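# Examination of the molecular architecture
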Amino acid sequence: RVNGVQSVNSRKENLCAHARLVVGADGSNSRVAREAGAVEYNQAPQLQGTYFSYFSGVDLDSIEFVPRPGRMVYAWRTNDNRTLVGISWVSGDLGEVRQNVEKHFYSELEQLAPDLYGRVRAGTRDAPLTGGASPGFFRKPFGNGWALVGDAGLTMDPITAAGISNAFRDAEFLADAIDDGFSARKPLDEALAQYAVKRDEAAMPIFGLTCQMASLAAPPPEMMTVFEALQHNQADT
């Protein structure tokens, strides 16, 4: 049974903390998951990768997506009047892109979204080009004295940006389960098992959509119909 953690701080001092439950909220490469032997399932390969940066002075009124075969351009406003602009490429093309990211970023932005390209060039890039890519997977999120939450227990391709929503939702599910177990309303292992079921049921629909979008294939007609209907309908969006 896991009953705590041992570590070494920056002064080379050994630290030891005991706990009834150790929660791993330590990301996709979770040390807690690795040490506990958490089993992975629903694995999905890395299907796409992206590069993005932040620009000031870009004229942008709303979120913009420009899907193209094997590509997707995206842009939206962030804080301090800065605009995030990025391109996703299918995984098979990333090797060439990585050889000269800046060249490919601007040349493909001009080709795929010329109007947005003009607005980006009229602005100022004030951050490096940053890359991101990930395979998808679920991990069994609990065991004897341990639990996982956030990307440690469930990682999706970043194309839908669902990771933060998943993390907040699952943190609430896990907090409720721990409270049920520690308050003796339920045996802790039973409460954690129910947490796992709730997490998977809630996550599977967005996981499926994420894998579909990450393929950067043409969306099915029914999906386009829904998106077009939502385009000017903020209430239903």
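Before going further, it helps to examine the overall build of the protein chain. The helix and strand tally for the protein chain stands at seven helices and 14 strands. Overall size of the protein chain, expressed as C-alpha extent along the three principal axes, is 60 × 50 × 35 Å. Buried positions account for 39% of the 237 residues belonging to the protein chain. For the protein chain, long-range pairs separated by at least 24 residues make up 65% of all intrachain contacts whose partners lie at least 6 apart in sequence. Carbon and sulfur atoms make up 53% of the accessible area of the protein chain, which totals about 13300 Å². Averaging the positions of the 22 positive and the 29 negative side-chain charges in the protein chain gives two centres separated by 7 Å.

Over the atoms rolls a probe the size of a water molecule, and its path tells where empty space is left. Of the volumes computed, that of the largest pocket is approximately 1600 Å³. For the largest pocket, the lining is made up of 41 residues, of which I63, F65, M72, M213 and F227 are closest to its centre. No other element matches helix α7 (residues 221-230), which puts five residues into the lining of the largest pocket. Along its surface, the second largest pocket is lined by V2, G4, V5, Q6, S7, V22, R31, V32, E35, A36 and W146. Every element with two or more residues in the lining of the second largest pocket is listed here: β1 (4-8) and α1 (31-36). Of the residues in the lining of the second largest pocket, the class split is six nonpolar, three polar and two charged.

The next thing to look at is empty space enclosed by the protein. Using the criterion set out here, one finds one cavity of 30 Å³ or more in the structure. Counted as a void, the largest cavity has a volume near 50 Å³. Of the residues in the lining of the largest cavity, the class split is eight nonpolar, two polar and one charged.

Take the pairing of strand β7 (residues 71-77) next. Taking burial as the measure, the seven residues of β7 include five buried ones, the bulk of the element. Across five bridges, the pairing between strand β6 (residues 64-68) and β7 is antiparallel. Paired with P67 across the bridge in β7 is M72. Linking β6 to β7, which pair antiparallel, is a turn of two residues; within it G70 sits at a positive phi near 75 degrees. Judged from the seven bridges that link them, β7 and strand β8 (residues 82-90) form a sheet pairing that is antiparallel. Across the sheet, M72 pairs through a bridge with S88, a residue of β8.

Attention shifts here to the sheet that holds strand β3 (residues 22-24). The strand order across the open sheet built from three strands is β3-β13-β12, with neighbouring strands paired in mixed fashion. Edge strands, defined here as strands with exactly one partner in the open sheet, are β3 and β12 (142-143). Relative to strand β13 (residues 146-148), β12 is paired through two bridges, and the arrangement is antiparallel. Residue pairing across strands places G143 opposite W146, the latter belonging to β13.

Let's shift gears to the pattern of salt bridges. Under the counting rule described, the total for this entry stands at 14 salt bridges. Here R71 and E108 are joined by a salt bridge, their closest N and O atoms 2.7 Å apart. Of this pair, R71 sits in strand β7 while E108 sits in helix α3 (residues 101-112); the two residues are 37 residues apart in sequence, bridging distant segments of the chain. Judged on exposure class, the residue R71 and its partner E108 are both buried. One salt bridge in this structure joins R185 and D179, with 2.4 Å as the shortest N-O distance. Sharing partners across several salt bridges, the network here consists of D179, D180, R185 and K186.

Rules and cut-offs
- Residues numbered from 1 in each chain as written.
- Predicted model: local features only at pLDDT ≥ 70, side-chain atom pairs only at ≥ 80, totals over all residues.
- Heavy atoms only, no water.
- Helix = DSSP H or I, 4+ residues; strand = E, 2+ residues; numbered from the N terminus.
- Buried < 20%, exposed > 50% of the residue type's maximum accessible area, 1.4 Å probe, protein only.
- Contact = heavy atoms within 4.5 Å.
- Areas by Shrake-Rupley, 256 points an atom, 1.4 Å probe, with all protein chains shown as cover.
- Lys, Arg positive; Asp, Glu negative; His and termini not counted.
- Charge placed at Lys NZ, Arg CZ, Asp CG, Glu CD.
- 1 Å grid on protein atoms, 1.4 Å probe; cavity = no way out; pocket = protein on both sides within 12 Å on 5 of 7 lines; lining within 4 Å.
- Points joined across faces, edges and corners; volume = space filled by probe spheres on them.
- Nonpolar A, V, L, I, M, F, W, Y, C, P; charged D, E, K, R; others polar.
- Pairing = 2+ DSSP bridges.
- Salt bridge = Lys/Arg side-chain N within 4 Å of Asp/Glu carboxyl O.

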